[in-house]
Amino acid sequence: EQFILSGNSMGGVVCQSFAIRYGNRLNKLALVSTGAYVTNPAAAREKADFMEGMEWNRSFFENAVKGFFALLPTNWESYVDVAMNAGREAMVQSTRSSASLNFLESVRNIQVPTLIVQGEKDTGRTPEDGKRLREAIPDSVLHILPGAGHTPMLEQPDLFHPIFLNFLKGDTA
């Protein structure tokens, strides 16, 4: 009947969209390394155009994957393997559609306890993005994890997991 929804990055955008439309189905919401808007729509469109015409090679994906981490895990190349299997059209279209992303007013209507976690060193979704989400979503709490980039659950698991598990158990502080 009701459930907890969690997402990282673009998954967090999907979660926000669901919560805005079907918030009555949610018990709680957890948003990790995400935001409610795109600060530079033109740059998002340019990135989509670039990806559409670029050579789909390992070097590109190695650089892209490294950009997600402030603390590069030892198995980072496995993430490159996964990224290389992504469909070009899906990546281009999701990047292009993100250019019009602006949920900042709509997320004010989210009425469930919401956990927001951002990496202190995330350059894609900065701590400022988390602060804006925290200000917009009424029953929310923000944790900024030191030293982490865009994947705090992988980069700082000893910090992330207790916060996340306590939230699931009912401690929103």
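Residues numbered from 1 in each chain as written. Predicted model: local features only at pLDDT ≥ 70, side-chain atom pairs only at ≥ 80, totals over all residues. Heavy atoms only, no water.

## Things to note about the pattern of salt bridges
Consideration 1: Taken as a whole and assessed by the stated rule, the structure comprises six salt bridges.
Consideration 2: Across the salt bridge formed by E62 and R58, the nearest N and O atoms sit 3.4 Å from each other. With E62 and R58 both in helix α3 (residues 58–66) and four residues apart, the pair spans about one turn of that helix.
Consideration 3: Looking at E62, the relative accessible area reads 23%, which means it is partly exposed.
Consideration 4: In this structure, R108 and E105 form a salt bridge, with 3.2 Å as the shortest nitrogen-oxygen distance.
Consideration 5: Residue E105 is classed as exposed on the basis of its relative accessible area, which comes to 55%.
Consideration 6: Each of D49, E52 and R96 takes part in one network of salt bridges that share partners. (Salt bridge = Lys/Arg side-chain N within 4 Å of Asp/Glu carboxyl O. Helix = DSSP H or I, 4+ residues; strand = E, 2+ residues; numbered from the N terminus. Buried < 20%, exposed > 50% of the residue type's maximum accessible area, 1.4 Å probe, protein only.)

## Structural notes on the side chain of D129
Consideration 1: Tracing the backbone through its elements, the reader meets D129 in helix α6 (residues 127–136).
Consideration 2: Overall, D129 belongs to the buried group, its relative accessible area being 5%.
Consideration 3: If we skip the residues at most four places from it in the chain, D129 touches T34, G35, Y37, Q118 and G124. (Contact = heavy atoms within 4.5 Å.)

## Here we look at the sheet that holds strand β4 (residues 140–145)
Consideration 1: If you walk across this open sheet you meet the four strands as β1-β2-β3-β4, and the pairing is parallel. The open sheet has two free edges, formed respectively by β1 (3–8) and β4, since each of these has just one partner strand. Put simply, the sheet's adjacent strands are angled 15 degrees from each other on average, direction ignored.
Consideration 2: Bridge analysis of strand β2 (residues 26–32) against strand β3 (residues 114–119) gives four bridges, and the strand direction is parallel. Directly across from L31, in β3, lies its bridge partner I116.
Consideration 3: Strands β1 and β2 of the sheet are contacted by helix α1 (residues 10–22), whose axis makes an angle of about 145 degrees with β1. (Pairing = 2+ DSSP bridges. Axes fitted to C-alpha atoms, helices over the stretch in contact; angles between N-to-C directions.)

## Things to note about the pairing of β2
Side-chain direction in a regular strand flips from residue to residue, so the side chains alternate between the two faces of the sheet.
Consideration 1: Counting buried positions along β2 yields six of seven residues, so the element is predominantly enclosed.
Consideration 2: Sheet topology places β1 next to β2; six bridges connect them, and they run parallel. Bridge pairing links L5 to L29 in β2.
Consideration 3: The handedness of the β1 to β2 crossover, carried by α1, is right-handed. (Right-handed = clockwise from strand over helix to strand, strands pointing away.)

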